[in-house]
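Spelled out, the chains give:
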Amino acid sequence: VKPSACSKGPPAIRTANSKQIVGNVSESTLAAYKKWHEGLEAGFSGKTDQLLSIFDELFSDDVVFRAPTYWSDKAGKEYVSFALMGVAQVFKDFEYTREIVSENTMTLEFKCRIGDEGPYIRGIDLITLNDEGKIVLLEVMTRPPKATLLLLEYQKKFMTEMGIIKN
């Protein structure tokens with residue numbers, strides 16, 4: 001059997017955030033992967049200034065956010081950063097259960113609870129990077145619908161309190 005014409009040789013194995021990344025992934029993709037996790041960790045630890053600083057560096061200026069709680073795309077660093085800050089305040093016991101990283105793409109499956117005693121929610125973060133390693137698209141899908149609707153309530157309240165959306 002001949003190797004595929006697309007084959008670049010054996011896959012590289014690297015470590016990032018204590019996880020093995022298998023495949024031929026650029027340094028900019030690996031750096032973005034690490035920064036993404038640093039930003040979320042800052043948010044879950046209540047370090048909102050650090051979260052905003054990391055995401056300001058990581059997101060392209062016109063990053064697009066496709067969230068399960070909105071009908072239309074939202075765009076811009078500020079909007080996306082504050083939306084994730086709100087999520088970090090309401091998600092409890094957050095854990096990525098599966099991560100697939102390839103060139104300019106990260107697919108991160110997660111589970112967590114909504115609030116301290118709320119229902120569990122499962123979801124996927126689909127992240128697309130440009131050639132500089134900046135996030136240009138963040139698409140999030142979640143289930144079950146009941147938990148997603150509860151998340152919507154929390155998000156609307158938080159984004160209104162922060163002055164990002166008008167009531």
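Above this text sits the structure in question.
Trainee: Explain the packing of aromatic side chains to me, using residue names and the numbers behind them.
Mentor: Any two aromatic rings considered together are summarised by their centre-to-centre distance and by the angle between their planes. Tallied over the entire structure, the rule returns 10 aromatic pairs. Residues Tyr 96 and Phe 110 carry aromatic rings whose centres are separated by 6.4 Å and whose planes lie at 85 degrees to one another, so their mutual orientation is edge-to-face. Linking Tyr 96 in strand β5 (residues 91-102) with Phe 110 in strand β6 (residues 105-114), this pair joins segments that are 14 residues apart in sequence. A relative accessible area of 10% places Tyr 96 in the buried class.

Trainee: Residue-level account of the environment of Ser 45, with values.
Mentor: Position of Ser 45 relative to the elements: it lies in the loop between α1 (27-44) and α2 (48-58). Owing to a relative accessible area of 40%, Ser 45 belongs among the partly exposed residues under this scheme. Note: C-alpha distance between Ser 45 and Gln 89 (44 residues apart in sequence) is 9.0 Å.

Trainee: Summarise the packing of α2 against helix α3 (residues 77-90); cite the residues concerned and give the values.
Mentor: Their axes nearest at 10 Å, the elements α2 and α3 cross at an angle of 140 degrees. Relative to α3, the element α2 is oriented oblique. Between α2 and α3 the crossing geometry is right-handed. For the pair α2 and α3, contact is made by Thr 48, Leu 51, Leu 52, Phe 55 and Asp 56 and by Lys 77, Ser 81, Phe 82, Leu 84, Met 85 and Gln 89, respectively. Partitioning the contact of α2 with α3 into residue classes produces six nonpolar, three polar and two charged.

Trainee: Describe unusual backbone geometry, naming the residues involved and giving the relevant values.
Mentor: Residue Arg 143 is joined to Pro 144 through a cis peptide bond whose omega torsion reads 0 degrees. Among the secondary structure elements, Pro 144 is positioned in the loop between β8 (135-143) and α4 (145-161). Its identity is not glycine, yet Asp 93 carries a phi of approximately 55 degrees, on the positive side. Its place among the elements puts Asp 93 in strand β5. Positive phi outside glycine occurs at Asn 104, with the angle close to 65 degrees. Along the chain, Asn 104 falls in the loop between β5 and β6. For Asn 104, a relative accessible area of 17% corresponds to the buried category.

Cut-offs applied
Residues numbered from 1 in each chain as written. Predicted model: local features only at pLDDT ≥ 70, side-chain atom pairs only at ≥ 80, totals over all residues. Heavy atoms only, no water. Phe/Tyr/Trp six-rings, centres within 6.5 Å; stacked < 30°, edge-to-face > 60°. Helix = DSSP H or I, 4+ residues; strand = E, 2+ residues; numbered from the N terminus. Buried < 20%, exposed > 50% of the residue type's maximum accessible area, 1.4 Å probe, protein only. Axes fitted to C-alpha atoms, helices over the stretch in contact; angles between N-to-C directions. Parallel < 35°, antiparallel > 145°, perpendicular 65-115°, else oblique. Left-handed = near helix turned anticlockwise from the far one by under 90°. Contact = heavy atoms within 4.5 Å. Nonpolar A, V, L, I, M, F, W, Y, C, P; charged D, E, K, R; others polar.

Nothing here speaks to function; it is geometry throughout.
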